[in-house]
Amino acid sequence: MSCKLIFLFLALVYAHSNAVSVRQNVRKFPDGFAFGAATASYQVEGAWNEDGKSENIWDHLTHSQPNPVKDGSSGDVAANSYHLYKRDVEMMRELGLQFYRFSLSWSRLLPTGFPDVINQAGVDYYNNLIDEMLKYNIQPMITLYHWDLPQKLQEMGGWTNSHIVDWFGDYAQVAFKLFGDRVKSWITINEPHSICYYGYSIGHFAPRIDSSGVSEYMCTKYLLLAHARAYHIYDQEFRPSQNGNIFIALSGQWYQSETDEYHDAAEDYIQFTVGQYAHPIFSTTGDWPPVMKERIAAKSAEQGFFRSRLPAFSPEEVEYIRGSSDFFGLNHYTTYYVYRNESSTNFAVPSFEDDIGADRYQLQEWHTQKDVKYIGHVPWGFTKLLVKIKEDYNDVPIQITENGFSTLPGLEDDTRVAYYFDYLNALLDAVESGVDVRSYAAWSLLDNFEWIEGYGIRFGLYEVDFEDEARPRTPRKSAFLYKEIVRTRALDPSFEPDASATMTIDQGH
Ligand SMILES: *[C@@H]1O[C@H](CO)[C@@H](O)[C@H](O)[C@H]1NC(C)=O
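Everything quoted here is computed from the prediction, not taken from an experiment. (Residues numbered from 1 in each chain as written. Predicted model: local features only at pLDDT ≥ 70, side-chain atom pairs only at ≥ 80, totals over all residues. Heavy atoms only, no water.)

Student: Sorry, what's going on with the overall build of the chain here?
Tutor: Summing up its helical and strand segments, the chain has 17 helices and 15 strands in all. Once the C-alpha set of the chain is aligned to its principal axes, its extents read approximately 95 × 60 × 50 Å. Within the span of the chain, comprising 509 residues, buried residues form 60% of the whole. Here the contacts in the chain between residues at least 6 apart in sequence split such that 76% fall between residues at least 24 apart. A total of about 20200 Å² of accessible surface is found on the chain, and carbon and sulfur atoms cover 52% of it. (Helix = DSSP H or I, 4+ residues; strand = E, 2+ residues; numbered from the N terminus. Buried < 20%, exposed > 50% of the residue type's maximum accessible area, 1.4 Å probe, protein only. Contact = heavy atoms within 4.5 Å. Areas by Shrake-Rupley, 256 points an atom, 1.4 Å probe, with all protein chains shown as cover.)

Put into structure tokens, the structure is as follows:
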């Protein structure tokens, strides 16, 4: 070998090893992993009383006096996606999304709540949205219920009336029939814990029933049965011809014991929040988590109730619910420390908190967005929760149906950029430990109505100007980060997103 050649050879080896060492920091997502973004009907659609839609519980709540929403706002217009859906699909194309998760408004499709009247304008809207997405090969993932129950059904007791199992099953059947030829991914119910806890326990969300430790458990029972009804209808009557999948999306935060002595307290928190819904569906035995059955029965007896406040499932019901989900859909946002000592005994009786009998808190330093303090940035909690779900529920395949971060308005959302990067990195840590995670949906595609918080705090990859009647959408810095992650199917710590760049649609989208 001549001197020149040796030099060239060494130079190549050096360049190669350099490239490898840079690439070591770039982490790839597994083959087949799917990227998307999520929204929900009441939070984005607007058009609250247009084209035959009837009132739902959030219309009812936000139109009541006084309106309990912090900024006095409502979803009457929201991001106006009912009229601007083509722009929404254009944003999905800009980001290069493989799927988009959105929900159907029950009262837009079935204004009476029942299938006796099917509102054609509502059917047209969802057909147009689905077809526009499919034109660009973006797969629809539809949530049947994302918190906007028809008000008429609420007046009959909502989720605490056992008949909701029929009501929800009928609605689901209509949806499968109308859209299932093109929609291959169905979510029955979004965040049951939020529905029953915020709606029927502490009364922060519609229907604002304040009945902690009592009506929330009735809500859970009939919600789980309604979910299972929709699952079995799809499984038996539609899956054979439509070949899709159907699952539930649970909210799960991580509860970390403050010290080793609080391990049981943290485990109780997980069982009462995640396990309350996951154990009946995903465990080998089904039914409520044993700790809930025992604790609530004992406390109810002590408190003078004639039966447990936690209503029982019959053996047939246990079997009906067990196994009724093709995936574990997970909405994850943050982590809490848990402890249990003399100071954690001061709860109202009866109450959900008293049933858990432990306290939780977050560290100030987790609130990287100092002016919002809504979502704490704790990526390791995400990894721990994913590993626990794998261990507790027999390696169940997981889809991340929501994950995201809240800021004030503004395009330079560095805290959100850091959150997405670190949480996706934490997801890859879980994948490396053998957790079967199949997809990830960012919450949210665009700014929207954040329930009781109104428009004060924002979750969008795209900012929406709610002061402007045209509701213009502008990509934030985080949109440029997410686009790069989706394009490269990798996390590259050296990539620096630029909010002032021009957003374009890449070829093939
Ligand atoms: C209970 O634990 C919390 C959290 O560690 C602590 O702040 C509090 O002082 C403790 N209370 C008692 C009575 O020990």
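Student: Honestly, the site of the ligand in this entry has me stumped. Any pointers?
Tutor: Around the ligand lies a shell formed by Glu258, Tyr339, Asn341 and Ser343. In the model, an oxygen atom of the ligand is placed 2.3 Å from a nitrogen or oxygen of the Asn341 side chain. The separation between a nitrogen atom of the ligand and a polar side-chain atom of Ser343 is 2.7 Å. (Near = heavy atom within 4 Å. Polar contact = N/O pair within 3.5 Å; in protein donor to acceptor, adjacent residues only side chain to side chain.)

Student: Would you mind going over the side chain of Arg108 with me for this structure?
Tutor: Among the structural elements, Arg108 can be located in helix H5 (residues 106–109). Judged by relative accessible area, Arg108 falls into the buried class, the value being 1%. Here the side chain of Arg108 touches Gly46 through a polar contact of 3.0 Å, landing on its backbone oxygen. What Arg108 contacts, discounting residues up to four positions off in sequence, is Glu45, Gly46, Ala47, Glu50, Lys53, Tyr82, Asn119, Gly122, Tyr125 and Tyr126.

Student: Would you explain the packing of helix H16 (residues 414–432) against helix H17 (residues 477–488) in this entry?
Tutor: The axes of two packed helices give the description: the angle between them and the distance between them. Put simply, H16 and H17 touch, their axes get as near as 8 Å, and they point 25° apart. One finds that H16 runs roughly parallel with respect to H17. For the pair H16 and H17, the contacting residues are Asp414, Arg416, Val417, Tyr420, Phe421 and Leu424 in the first and Lys477, Ser478, Leu481 and Ile485 in the second. For the contact of H16 with H17, a count of residues per class yields 6 nonpolar, 1 polar and 3 charged. (Axes fitted to C-alpha atoms, helices over the stretch in contact; angles between N-to-C directions. Parallel < 35°, antiparallel > 145°, perpendicular 65-115°, else oblique. Nonpolar A, V, L, I, M, F, W, Y, C, P; charged D, E, K, R; others polar.)

Student: Would you explain the nonpolar core in this entry?
Tutor: Buried together is how nonpolar side chains tend to be arranged in soluble globular proteins. Of all hydrophobic cores here, the largest spans 163 residues; its most connected members are Trp58, Leu104, Tyr145, Trp159, Phe168, Trp186 and Phe328. Excluding its chain neighbours within four sequence positions, the residues that come into contact with Trp58 are Tyr42, Trp147, Phe205, Ala206, Phe449, Trp451 and Ile452. (Core = buried A, V, L, I, M, F, W, Y, C linked by side-chain atoms within 4.5 Å.)

Student: Just checking my understanding: could you explain the packing of helix H4 (residues 81–95) against helix H6 (residues 120–135) for this structure?
Tutor: In the contact formed by H4 and H6, the axes pass within 9 Å of each other and the chain directions differ by 10°. On the basis of their axis angle, the class for H4 and H6 is roughly parallel. Contacts between H4 and H6 pair Ser81, Tyr82, Tyr85, Lys86, Val89 and Met92 from the former with Ala121, Tyr125, Asn128, Leu129, Glu132 and Met133 from the latter. Among the residues making up the contact of H4 with H6, the classes are represented as 8 nonpolar, 2 polar and 2 charged.

Student: Got a minute to help me understand H17 in this structure?
Tutor: A turn of α-helix holds 3.6 residues, and therefore any two residues three or four places apart point the same way. The end-to-end C-alpha separation of H17 is 17 Å, in line with the 16 Å expected for 12 residues at 1.5 Å each. Counting buried residues in H17 gives 10 out of 12 residues, a clear majority hidden from the surface. Remark: Arg489 follows H17 within two positions and exhibits a positive phi of approximately 55°. (Expected span 1.5 Å × (residues − 1).)

Student: Would you explain the sheet that holds strand S7 (residues 254–257) in this entry?
Tutor: Think of a sheet as strands paired side by side through backbone hydrogen bonds, with each pair either parallel or antiparallel. Strand order in the open sheet made by the 3 strands is S7-S9-S10, with mixed pairing throughout. Looking along the sheet, the strands with just one partner apiece sit at the ends: S7 and strand S10 (359–361). Averaged over all pairs of adjacent strands, the angle between strand axes in this sheet comes to 40°, irrespective of strand direction. Where strand S9 (residues 335–339) lies against S10, 3 bridges are found, and the strand directions are antiparallel. In the sheet register, Val338 faces S10, and the bridge partner there is Arg360. Set on the sheet, helix H11 (residues 263–282) makes contact with S7, S9 and S10; between it and S7 the angle comes to about 165°. Strands S7 and S9 of the sheet are contacted by helix H15 (residues 379–392), whose axis makes an angle of about 100° with S7. (Pairing = 2+ DSSP bridges.)

Student: Can you help me understand the state of the cysteines in this one?
Tutor: Here, the word disulfide means a covalent bond between the sulfur atoms of two cysteines. Inspection of the entire model under this criterion finds 1 disulfide. Each sulfur in the disulfide pair Cys196 and Cys219 lies 2.1 Å from the other. With the S-S bond torsion at -75°, the cross-link from Cys196 to Cys219 turns out left-handed. Of this pair, Cys196 sits in helix H9 (residues 192–200) while Cys219 is found in helix H10 (residues 215–242), placing the two residues 23 residues apart along the sequence. (Disulfide = S-S within 2.5 Å.)

Student: What exactly am I supposed to notice about the packing of aromatic side chains here?
Tutor: Aromatic ring pairs: the centre-centre distance and the angle between the two ring planes describe each pair. Under the counting rule described, the total for this entry stands at 56 aromatic pairs. Each ring, one from Tyr42 and one from Phe449, has its centre 5.5 Å from the other, and the planes form 85°; the classification is edge-to-face. Here Tyr42, found in helix H2 (residues 41–44), pairs with Phe449, found in the loop between strand S12 (437–443) and strand S13 (462–464); they are 407 residues apart in sequence, far enough to count as distant. When the centroid spacing of 5.5 Å and the interplanar angle of 15° are considered together, the rings of Tyr255 and Tyr336 count as stacked. Placement of the pair is Tyr255 in strand S7 and Tyr336 in strand S9, with a sequence separation of 81 residues. Residue Tyr336 is classed as buried on the basis of its relative accessible area of 16%. (Phe/Tyr/Trp six-rings, centres within 6.5 Å; stacked < 30°, edge-to-face > 60°.)

Student: Would you take a moment to explain the pairing of strand S6 (residues 245–251) for this structure?
Tutor: For S6, a buried count of 7 out of 7 residues is recorded, marking the element as mostly surrounded by other parts of the structure. The two faces of S6 match: Asn245, Phe247, Ala249 and Ser251 on one face and Ile246, Ile248 and Leu250 on the other face are all buried. By the bridge criterion, 4 bridges tie strand S5 (residues 185–190) to S6 in an arrangement that is parallel. When the bridges of S6 are listed, Ser185 appears paired with Asn245.

Student: Sorry, what's going on with the environment of Gly203 here?
Tutor: If you trace the backbone, Gly203 turns up in the loop between H9 and H10. Ignoring anything within four residues of it in the chain, the contact list for Gly203 reads Tyr197, Tyr198, Arg208 and Ile209.

Student: Could you clarify how one ought to interpret a negative patch on the surface in this entry?
Tutor: On the surface, a cluster of negative charge is made up of Asp465, Glu467, Asp468 and Glu469. With respect to the secondary-structure elements, Asp465 resides in the loop between S13 and strand S14 (473–475). (Patch = residues over 30% accessible without salt bridge, like charges linked within 9 Å, V, L, I, M, F, W, Y side chains within 5 Å. Salt bridge = Lys/Arg side-chain N within 4 Å of Asp/Glu carboxyl O. Lys, Arg positive; Asp, Glu negative; His and termini not counted. Charge placed at Lys NZ, Arg CZ, Asp CG, Glu CD.)

Student: So what exactly am I meant to see when it comes to unusual backbone geometry here?
Tutor: Most peptide bonds adopt trans geometry, and most residues besides glycine take a negative phi value. The omega angle of the peptide bond from Ala206 to Pro207 is 5°, so this bond is cis rather than trans. Tracing the backbone through its elements, the reader meets Pro207 in the loop between H9 and H10. Cis geometry marks the peptide bond from Trp443 to Ser444, where omega comes out at 15°. You can see Ser444 is positioned in the loop between S12 and S13. The residue Asn80 is not glycine, and still its phi comes out positive at about 60°. Note that Asn80 resides in the loop between helix H3 (57–62) and H4. A positive phi angle, near 55°, is found at Arg208, a position not held by glycine. Mapped onto the fold, Arg208 is located in the loop between H9 and H10.

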